[in-house]
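Now for the letters of each chain:
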Amino acid sequence: MRHFTKSTKLDNVLYDVRGPVVDEAARMEDMGTHVLKLNIGNPAPFGFRTPDEVIYDMSKQLTDCEGYSNAKGLYSARKAIMQYSQIKGLPNVTIEDIYTGNGVSELINLSMSALLDNGDEILIPSPDYPLWTACATLAGGHPVHYICDEEAEWYPDMDDIRSKITPRTKAIVIINPNNPTGALYPREVLQEIVDIAREHQLIIFSDEIYDRLVMDDLEHVSIASMAPDLFCVTFSGLSKSHMIAGFRVGWMILSGNKRIAKDYIDGINMLSNMRLCSNVPGQSIVQTALWGHQSVKDYVVPGGRVYEQREYVYEALNSIPGVSAVKPKAAFYIFPKIDTEKFNITNDEQFALDLLREKKLLVVHGGGFNWHNPDHFRVVYLPRIEVLKDAMGKLEDFLRYYRQ
């Protein structure tokens, strides 16, 4: 009998944000167990609501959204994104440089498939958002992970980046604000990355989906605004900033020196046309969301939910013996470190499974973000403080007796 196996292209692909530990959580839920999900940035289950104006405007336009749009997206959506990119200082952007997508995820996949030949290298941060590594791998490329330094606010290690550039390196990826660490890169760090990209003639891919979830009166700077002579691809969207992850509204902006990437852009256009278009109802509210009341600002100032929950979880984690964490400056993730010698932890996936089974807490182990030491895990601090208090108490109690 003939048996069908999965493609070998998947051998080095992982996505443990929805991986084996999550599968075990689903099994437990099927048996009637309540699991607190601190594993994924999904605001809706924790009471974050889409702005009323956005819902209203979509409802008024639904009957106009039944057909395909232009492959790149609705004119009104792309125009609003173009204007937003101008405010962010992205150079040399026209409406033809804007592509809408079903979330940023679709566009990451498209951009990698259009660029990479077998064996081409691309620099990706470690820890990373694992979709970048997965999409580069599936496109035939070789992801090369550069280190982000926990001792330096999780900023990229520039010496490590330089040491990993070869003649096959085509591009560098940055995630700013960062997932999973919550780091926000200041202008001087971005300038160093621009200098390296300029020296080695690299494309810059910048994942900025959390650019409106910045705290402590800090400023998000788009790296493309600092590199008019380079070719940059910037990704953002509404999934997180407007608490509408299920609407799958993302976009990609090409900027800077497009002349050096003409053939690559032709490839992007080819793949964009093949998918016909992204979801039209989602596109219909981009203009409203970008230029209406920015409700996310209410969350990230003192007294706002995201801000206060960040403050609580940071203090709570650092008060647990054997656990430490760098304070995140943006997004809604924190990436704490465990003293693996104190707890004799050698397998971070097993640690996450044991925590799930004993305390019904679901987190993602560091290996799920291509962090190759068994000493970190990611916590999403979207639940209200009273829920987080219960979770942190359970974590502390679990660690008090845990030994692998």
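Residues numbered from 1 in each chain as written. Predicted model: local features only at pLDDT ≥ 70, side-chain atom pairs only at ≥ 80, totals over all residues. Heavy atoms only, no water.

**Q** What is the right way to look at the packing of helix 4 (residues 103-115) against helix 5 (residues 130-138) in this model?
**A** A pair of packed helices is captured by two measures, namely the crossing angle of their axes and the spacing between those axes. Viewed as axis vectors pointing N to C, helix 4 and helix 5 meet at an angle of 35°, and their least axial separation amounts to 8 Å. Between helix 4 and helix 5 lies a crossing of right-handed hand. Contacts between helix 4 and helix 5 involve Ser105, Ile108, Asn109 and Met112 on the former and, on the latter, Leu131, Trp132, Cys135 and Ala136. For the contact of helix 4 with helix 5, the per-class residue count stands at six nonpolar, two polar and no charged. (Axes fitted to C-alpha atoms, helices over the stretch in contact; angles between N-to-C directions. Helix = DSSP H or I, 4+ residues; strand = E, 2+ residues; numbered from the N terminus. Left-handed = near helix turned anticlockwise from the far one by under 90°. Contact = heavy atoms within 4.5 Å. Nonpolar A, V, L, I, M, F, W, Y, C, P; charged D, E, K, R; others polar.)

**Q** Teacher, can you tell me more about the packing of aromatic side chains here?
**A** Any pair of aromatic rings gets described here by the distance separating the centres and the angle formed by the planes. Applying the stated rule across the entire model yields 18 aromatic pairs. Taken together, the ring pairs connect Trp154, Phe335, Phe369 and Trp371 into an aromatic cluster. The lysine or arginine in question, arginine 310, covers the ring of tyrosine 307, its NZ or CZ lying 5.0 Å from the ring centre. (Phe/Tyr/Trp six-rings, centres within 6.5 Å; stacked < 30°, edge-to-face > 60°. Lys NZ or Arg CZ within 6 Å of the ring centre and 35° of its normal.)

**Q** Looking at this structure, how should I read the side chain of glutamine 309?
**A** By the element assignment, glutamine 309 lies in helix 12 (residues 305-318). There is a polar contact of 2.9 Å between the side chain of glutamine 309 and the side chain of arginine 305. Each residue touching glutamine 309, except ones within four places of it in the same chain, is listed here: Phe48, Tyr381, Leu382, Pro383, Arg384, Ile385 and Leu388. (Polar contact = N/O pair within 3.5 Å; in protein donor to acceptor, adjacent residues only side chain to side chain.)

**Q** Teacher, can you tell me more about the packing of helix 4 against helix 8 (residues 262-274) here?
**A** At a minimum axis separation of 9 Å, helix 4 and helix 8 run at an interaxial angle of 130°. Between helix 4 and helix 8, the interaxial angle falls into the category oblique. At the point where helix 4 passes helix 8, the crossing takes the right-handed sense. Counted together, Leu110, Ser111, Ser113, Ala114 and Leu115 of helix 4 and Tyr264, Gly267, Ile268, Leu271 and Ser272 of helix 8 form the full contact between these two elements. Broken down by class, the residue content of the contact of helix 4 with helix 8 amounts to six nonpolar, four polar and no charged. (Parallel < 35°, antiparallel > 145°, perpendicular 65-115°, else oblique.)

**Q** When you look at the side chain of asparagine 176 in this model, what are you seeing that I'm missing?
**A** With respect to the helices and strands, asparagine 176 occurs in the loop between strand 6 (169-175) and helix 7 (187-200). What asparagine 176 contacts, discounting residues up to four positions off in sequence, is Ala183, Leu184, Tyr185, Leu190, Asp207, Glu208, His220 and Val221.

**Q** Is there a simple way to think about the environment of tyrosine 264 in this case?
**A** Assignment of secondary structure puts tyrosine 264 in helix 8. Put simply, tyrosine 264 and leucine 116 are 148 residues apart on the chain and 9.7 Å apart in space, counted from C-alpha to C-alpha. Side-chain polar atoms of tyrosine 264 contact the backbone oxygen of serine 111, separated by 2.8 Å.

**Q** Which parts of the structure should I look at to understand unusual backbone geometry?
**A** Backbone geometry follows two general trends: most residues other than glycine have a negative phi, and most peptide bonds adopt the trans configuration. Cis rather than trans, the peptide bond between serine 126 and proline 127 has omega equal to 5°. With respect to the element layout, proline 127 can be found in the loop between strand 3 (121-126) and helix 5. Omega for the bond connecting asparagine 176 with proline 177 falls within 30 degrees of zero, at 0°, which places this linkage in the cis form. Mapped onto the fold, proline 177 is located in the loop between strand 6 and helix 7. Despite not being glycine, asparagine 92 has its phi angle at roughly 60°, a positive value. Judged by its relative accessible area of 48%, asparagine 92 is partly exposed. Not every positive phi belongs to a glycine, and glutamine 201 is a case in point at roughly 55°. Tracing the backbone through its elements, the reader meets glutamine 201 in the loop between helix 7 and strand 7 (203-207). (Buried < 20%, exposed > 50% of the residue type's maximum accessible area, 1.4 Å probe, protein only.)

**Q** I'm lost on the sheet that holds strand 15 (residues 377-380) in this one. Help?
**A** Within a sheet, adjacent strands bond to each other through the backbone by hydrogen bonds, running parallel or antiparallel. Reading across the sheet, the three strands line up as 11-15-14 and stay open at both edges, with antiparallel pairing between neighbours. Strand pairing shows two members of the sheet lacking a second neighbour, strand 11 (333-334) and strand 14 (364-365), which therefore form its edges. Pairing between strand 11 and strand 15: two bridges, direction antiparallel. Bridging across to strand 15, isoleucine 334 finds its partner in valine 379. (Pairing = 2+ DSSP bridges.)

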